[in-house]
Structures are given as structure tokens and as C-alpha cells.
Amino acid sequence: IAINTAQGDLSFGDLLRQYNDSRTFFSHVITAISTQLLDWNLKAEMYFNMLLAGMTLIVLIGLYHCVDPQFTWVMILPFSWLVFSLMPHVNWLWAIQSVYFFSNLFFVLMLSTIVSFNPGMRPLLLAGIFALCATFSFANGLLTWLVLPVAIWLFGYRKWRYYLFWMLMMGASLAVYFNGYLFRPGNITATTFNPVSILGWVIVFVGSPLTNRAMIAETRVVVAFILGILGVCVVCINLLYLKRVGRGWDELASWGLLALFVVLSGAVAGVNRMSMFGIDGAIASRYLTLNTLFWVAVVALIALTLRTVWHRSDNPAPLLKYANLVVLVVLASVFFYSTLESLNPALPIPPEARACAEAYPQTQDTSCLVRLHPAFNPNRRAYETSFEIIKNRLDEVVAYRLALYADSDD
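Residues numbered from 1 in each chain as written. Predicted model: local features only at pLDDT ≥ 70, side-chain atom pairs only at ≥ 80, totals over all residues. Heavy atoms only, no water.

Asker: I tried to follow the packing of helix H7 (residues 98–116) against helix H8 (residues 121–135) on my own but got confused; where do I start?
Answerer: Between two packed helices, what matters for the description is the angle formed by their axes and the separation of those axes. Interhelical geometry of H7 versus H8 gives an angle of 170 degrees and a closest axis separation of 8 Å. Viewed along their axes, H7 and H8 adopt a mutual orientation that is roughly antiparallel. Across from Ser103, Phe106, Phe107, Leu109, Met110, Thr113 and Ile114 in H7, the residues of H8 making contact are Pro123, Leu126, Ala127, Phe130, Cys133 and Ala134. Of the residues in the contact of H7 with H8, the class split is 11 nonpolar, two polar and no charged. (Axes fitted to C-alpha atoms, helices over the stretch in contact; angles between N-to-C directions. Helix = DSSP H or I, 4+ residues; strand = E, 2+ residues; numbered from the N terminus. Parallel < 35°, antiparallel > 145°, perpendicular 65-115°, else oblique. Contact = heavy atoms within 4.5 Å. Nonpolar A, V, L, I, M, F, W, Y, C, P; charged D, E, K, R; others polar.)

As C-alpha cells, this is what we get:
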């Protein structure tokens, strides 16, 4: 994208180009703008990801304000801690990970649209636009179309024409998305549709945002599994209690749907990645920006339950009240402990690799670039073909003075 932009021949088809299993249109647009204005400044893109996270935080706070305006100011702090968590360090440091930030933002904007307006075709159209944007942000954005009909039903959309319109919007979106799509059947194995394996993956996926990166993988998976089960139980129990005491779906659905979106995303990721990475893949740092949304829902539901219990004179469900307080203390302790371990993360690119890359235009030495791209690893499968492709791309980046070479001398 950056090279085509520098050459002046970037097309709309390039922006829609498939990236692994996704069509990352919006990330490609940011790359093109960054190249055009800032010589592909990756640090600027990194800070833009923080802006996207901030916008997501504002929408989440707005969703809570719709339910409990008097307590919104208290929720700003825990929501901020979660949305700006240090655990997904890779996503904060790698510009291309904007795919997760865009997906999160457009999903919560879809929810906010349904919550904020009375049932009608215009809000549904706007929600469909946000679902379309989520679809072309990252592959899990496709799940927004599955969550949308549940959302509109819970918020009072009962006329058949709404669901016909939803189907038409989804059909048009999927037709564009899968036009020329390259499927990768190599990811499908015997474990792909094993319900027990996928269920385990989803639970670990859900629990991973609170785990400590310093743990060995096996221990971290076990901790994530325990936290995942705890989180799912907290969501289900609090939803059932709040509905039982008279809270409407218009107050609860946002948080249930947020949790559902994360669970569905975990299931899809498990189907696609389980055979390649095993259960350890569920704790990958790149997923943590997405599945942190589940814990935002957990905190919101706990707050609503505690607020409901304390405002009732008959002191109902004392056990649930104290159980929620204990869970909140445990989760906060685990979260802050893991955060402390994330304050000094290892640099993804060591200084010697950066120095090697800076010297590349003069040295043409690719032997030390293995930490920059796997294509430079001679032990990698398909090394012969991928090496030349990536080296040619690197030469073009140097020639157009992009990214690291923007300020280099002749």
C-alpha cells in the first residue's frame, strides 16, 4: 500500500486487498494517508491507534451513561484502565494492529446507534453502515452482522421490514467481501470443529486479557481458563439477576451483546487458528485489544448489580452482593499485578536489528534482518520465493525514502 501510494498508482482495489483472512480497508487507508503526508510515519500510525482506543472509550462511557447516568463518572476510571491496558503491548507498538482498534470502534458504534435512537429505518441504516465498516476493518467484524439482529430485537424492532433490510445490507456487504476472496483450507483439520477444543479455546481467549505475560505459556493458559470461566459466570448470573428484578433489555443488552461479540470472535479465531498454534494461540497478545471488551462488560454488569442491590431497602440477594465485591477485588488484583509486569516490555525489535536495517542501503546485508521479517530466515518454508519478494519491497521502501529511511542521506 505504501509503495503503491508513493508510486502514485494506488487503486481502490488495493485498499480492499485481502490481508490474511481479512479485508483491512481502513488500516490500508491510514497507511496511504500516512505515506502521502508523512512518508509512511509508523509512529504517527501508532499514536492514531491510541486515538481510536480513546474514541472507543468515549462510546463505551456513553453506553453506560444511558443506563446509569449518576454513576457514569465512577466508571470512567475502570473503563479507561481496560481500554488502555498495557497487556496488548504488540497492538500499541505495531501500526498494522489498527485492525483491532477499528473493529472495536465500529462495533461499539453500531451498538450505540441501536441504543440511542428509537426503532426506525434511519438508525438501522446507520447501524448497518457501522457493521459494514467493522466488516472491512478485520475479519471478526463480519460477526457484527450476526449480533445486529439480536440487538434490534432486544431494542424493540419488531416489524418484518427491519429484518428484510438487515438481510439486504448483510448480503450486499458479504457479496463485496467475498468477491475474489482467497480461502485457506490448510487451516482446517480434525480439531477445527471439535466442540470441546473450541470451547476450551474460547474460555482461554476470554480470560487472557487479565493474565501475566511473564508466566510460562502452560501456566498462563490455566490461569486464563479459570478467569474465563469466572467471567462467563459473572456475566450470566448478573444478567439473569438484573432481568429478574425488573431491569429492561434496553439497560442490559449492550453489555450482554458486547460479551457475545467477544465470545463469537474467540470461536471464529479458534476454528481458524487452533490447528496452527494449539491452545497457546488463544493467549496471543494481538487478541487482547479485542477480548478486553468482555471485561468491560463484566465491570459494567457488576456495577449495575451492586447499584441495584444497594438502592433496594429490602437488601435482596446479599450473597450476590458480596460475591460480586469479592470477584471485583480479585479481578482488580490480578489486573494490576499483570499490569506491573507489563511496565517494562521487551522491545519487539532489538537495537541491533534496527541498526542493521538503518545500514541496509549501504551494506545490502540481509543476514541480520531476520528479526524484522520472517522471509529473511533461511530455515523458513518457501524461503527462496518469499525472500526475493520482500527484499524487492524493502529496496522500494529505501528508494522512495519511506518509514525508517524518510530522513536518510543519499
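From this point, the discussion proceeds with the structure in view.
Asker: Got a minute to help me understand a nonpolar patch on the surface in this structure?
Answerer: Judged by side-chain polarity, Phe117, Leu125, Leu126 and Ile129 come together as a nonpolar surface patch covering roughly 330 Å² of accessible area. Within the secondary structure, Ile129 sits in helix H8. (Patch = residues over 30% accessible without salt bridge, like charges linked within 9 Å, V, L, I, M, F, W, Y side chains within 5 Å. Areas by Shrake-Rupley, 256 points an atom, 1.4 Å probe, with all protein chains shown as cover. Salt bridge = Lys/Arg side-chain N within 4 Å of Asp/Glu carboxyl O.)

Asker: I tried to follow the nonpolar core on my own but got confused; where do I start?
Answerer: Across soluble globular proteins, nonpolar side chains show a tendency to be buried alongside one another. In terms of nonpolar packing, the biggest core is built from 106 residues, with Leu60, Phe79, Met110, Ile114, Leu148, Trp255 and Leu258 touching the most fellow members. With 16 residues, the top contributor of residues to this core is helix H14 (residues 288–310). Once residues within four sequence positions are removed from consideration, Phe79 is found in contact with Leu57, Leu60, Ile61, Tyr64, Trp255, Val296, Val299 and Ala300. The next biggest cluster of nonpolar side chains, apart from the first, holds 12 residues, and it includes Ile3, Cys356, Phe387 and Tyr405. (Core = buried A, V, L, I, M, F, W, Y, C linked by side-chain atoms within 4.5 Å. Buried < 20%, exposed > 50% of the residue type's maximum accessible area, 1.4 Å probe, protein only.)

Asker: Please explain the layout of surface pockets as it appears in this structure.
Answerer: Leftover empty space is mapped by rolling, across the atoms, a probe with the size of a water molecule. Put simply, the second largest pocket is a space of about 1200 Å³. What lines the second largest pocket is a set of 39 residues, among which Asp21, Ala139, Arg184, Asn272 and Arg273 lie closest to the centre. Among the elements that make up the lining of the second largest pocket, the one with the highest residue count is helix H13 (residues 249–277) (eight residues). For the lining of the second largest pocket, a count of residues per class yields 27 nonpolar, eight polar and four charged. (1 Å grid on protein atoms, 1.4 Å probe; cavity = no way out; pocket = protein on both sides within 12 Å on 5 of 7 lines; lining within 4 Å. Points joined across faces, edges and corners; volume = space filled by probe spheres on them.)

Asker: Teacher, can you tell me more about the pattern of salt bridges here?
Answerer: Side-chain pairing between opposite charges can occur once the charged atoms of the two side chains come close. Overall, the coordinates contain seven salt bridges when judged by the stated rule. For Arg17, the salt bridge identified is with Asp14, shortest N-O distance 2.8 Å. A salt bridge links Arg393 to Glu396, with the shortest nitrogen-to-oxygen separation between them at 3.4 Å. Here Arg393 and its partner Glu396 are both found in helix H17 (residues 383–399), three residues apart, which amounts to about one turn of the helix. The partly exposed category is assigned to Arg393, whose relative accessible area is 46%.

Asker: Before we go on, may I ask you to explain helix H15 (residues 318–341) in this structure?
Answerer: Given 3.6 residues per helical turn, the α-helix brings residues three or four places apart onto the same face. With 24 residues, H15 should cover 34 Å at 1.5 Å per step; its first-to-last C-alpha distance of 35 Å lies within 8% of that length. Contacts from the buried residues of H15 go to helix H5 (72–83), helix H12 (217–244) and H14. (Expected span 1.5 Å × (residues − 1).)

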